[in-house]
Amino acid sequence: MTTNQAAISALFRVVNRYIGNLAPMPGVFPDYQAPIVRSGPAGRELATARWGMPSSQKALMDATKKRAEKLEAKGKTVDFKELLRMEPDSGTTNIRNVKSKHWTQWLGPEHRCIVPFNSFSEFNKAEGGDIWFALDESRPLLCFAGMWTNWTSVRKVKEGETTNDLYAFLTTEPNAEVGAIHPKAMPVILTTPDEVETWMTAPAEGALKLQRPLPDGTLRIVARGAKEDKVG
């Protein structure tokens, strides 16, 4: 994410900004802060949130059971309810099954957001590691269709229980370019003002029609083998 916040605000009709100076981010990583655009009481606002929505209760329950078994094997007494409350959850970065009860609670416009980006990577060891995609070599500003929420949980053991704004973005089946590198999925990318408006305001049934890959031939590989895309 290398575009400055004035350009983000202009393109996505932001009326309020709740971040300071937005330095270039040649790499955005899970559980770290990144800019999102969401709807607020006065209109669209630019804010920062940690990448990774809350994981499902089942995922946390399974992880807690494994931790409890290890503790009990060492002869320790386990308060399972407390252990579950304090189970670390670094978050779920991508959302695919929007019919899941876990995700339907955040499908309303009040929990939708867009995630600005200039390029994104998919990993493929045989192709050289992280493979970076953008619309073209100039890496123009685009956005993912995302969701956000304010959530209290334990993200990291050393932090303890904290309350954070969190986000993740939708994925879908890949187009030809991404599929050649990462056959499983690609992010849901919005490329026009109408698509952004639909995602941010339409009822869920209409908004979720945007969960589709970009047409083949839309994206270009702009970098290979680096954890950060420092060109742009």
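Residues numbered from 1 in each chain as written. Predicted model: local features only at pLDDT ≥ 70, side-chain atom pairs only at ≥ 80, totals over all residues. Heavy atoms only, no water.

Draft legend 1. Structural detail: the overall build of the protein. A count of helices and strands for the protein gives seven helices and twelve strands. Over its C-alpha trace the protein gives a radius of gyration of 19 Å, about what one expects of a compact globule, namely 17 Å for 232 residues. Expressed along its principal axes, the backbone C-alpha trace of the protein runs to roughly 60 × 50 × 35 Å. Sorting the 232 residues of the protein into buried and exposed places 46% on the buried side. Long-range contacts, defined as pairs at least 24 residues apart, comprise 67% of the intrachain contacts of the protein with a sequence gap of at least 6. When the accessible surface of the protein is totalled, it reaches about 11,900 Å², and 54% of it is carbon and sulfur. One way to put it: in the protein the 30 positive side-chain charges average out to a point 4 Å from where the 27 negative ones average out. (Helix = DSSP H or I, 4+ residues; strand = E, 2+ residues; numbered from the N terminus. Rg over C-alpha atoms; globule rule 2.2 N^0.38 Å. Buried < 20%, exposed > 50% of the residue type's maximum accessible area, 1.4 Å probe, protein only. Contact = heavy atoms within 4.5 Å. Areas by Shrake-Rupley, 256 points an atom, 1.4 Å probe, with all protein chains shown as cover. Lys, Arg positive; Asp, Glu negative; His and termini not counted. Charge placed at Lys NZ, Arg CZ, Asp CG, Glu CD.)

Draft legend 2. Representation of the pattern of salt bridges. Scanning the entire structure with this criterion turns up 18 salt bridges. Of the charged contacts, one joins glutamate 159 and arginine 50 as a salt bridge, the two residues approaching to 3.3 Å between their closest N and O atoms. Remark: arginine 50 occurs in strand β3 (residues 43–51) and glutamate 159 occurs in the loop between β8 (142–154) and β9 (161–172); sequence separation between them is 109 residues. We classify arginine 50 as buried; its relative accessible area is 8%. Among the ionic pairs, arginine 96 bridges to glutamate 173, the shortest N-O distance being 3.8 Å. Here the residue arginine 96 occupies a position in the loop between β4 (94–95) and α4 (101–104), and glutamate 173 occupies one in the loop between β9 and α5 (176–179), the gap between them amounting to 77 residues. The class for arginine 96 is partly exposed, based on a relative accessible area of 39%. Among the charged side chains, a network of salt bridges with common partners joins Asp31, Arg50, Arg155 and Glu159. (Salt bridge = Lys/Arg side-chain N within 4 Å of Asp/Glu carboxyl O.)

Draft legend 3. Quick look at the pairing of strand β7 (residues 129–134). Counting buried positions over the six residues of β7 gives six, a clear majority of the element. With five bridges connecting them, strand β6 (residues 120–124) and β7 associate as antiparallel partners. Directly across from asparagine 124, in β7, lies its bridge partner glycine 129. Adjacent in sequence and paired antiparallel, β6 and β7 are bridged by four residues, among which glycine 128 carries a positive phi angle near 115°. Strand direction decides the pairing type here: β7 and strand β12 (residues 220–224), joined by four bridges, are antiparallel. In the sheet register, phenylalanine 133 faces β12, and the bridge partner there is isoleucine 221. (Pairing = 2+ DSSP bridges.)

Draft legend 4. Region of interest: helix α6 (residues 193–201). Residues of α6 that are buried: Glu195, Val196, Trp199 and Met200. Buried residues in α6, looked at end-on, bunch into an arc of 125°, giving them a common side. Exposed residues pointing more than 90 degrees away from the buried face of α6 are listed as Pro193 and Asp194. (Arc of directions from axis to C-beta.)

Draft legend 5. Local environment of the sheet that holds β12. Strand order in the open sheet formed by three strands is β6-β7-β12, with antiparallel pairing between adjacent strands. What marks the edges here is a single partner per strand, and that holds for β6 and β12. Pairs of neighbouring strands in the sheet enclose a mean axial angle of 35°, with direction left out of account. (Axes fitted to C-alpha atoms, helices over the stretch in contact; angles between N-to-C directions.)

Note that every value here comes from positions in space, so none of it alone points to a role or purpose.
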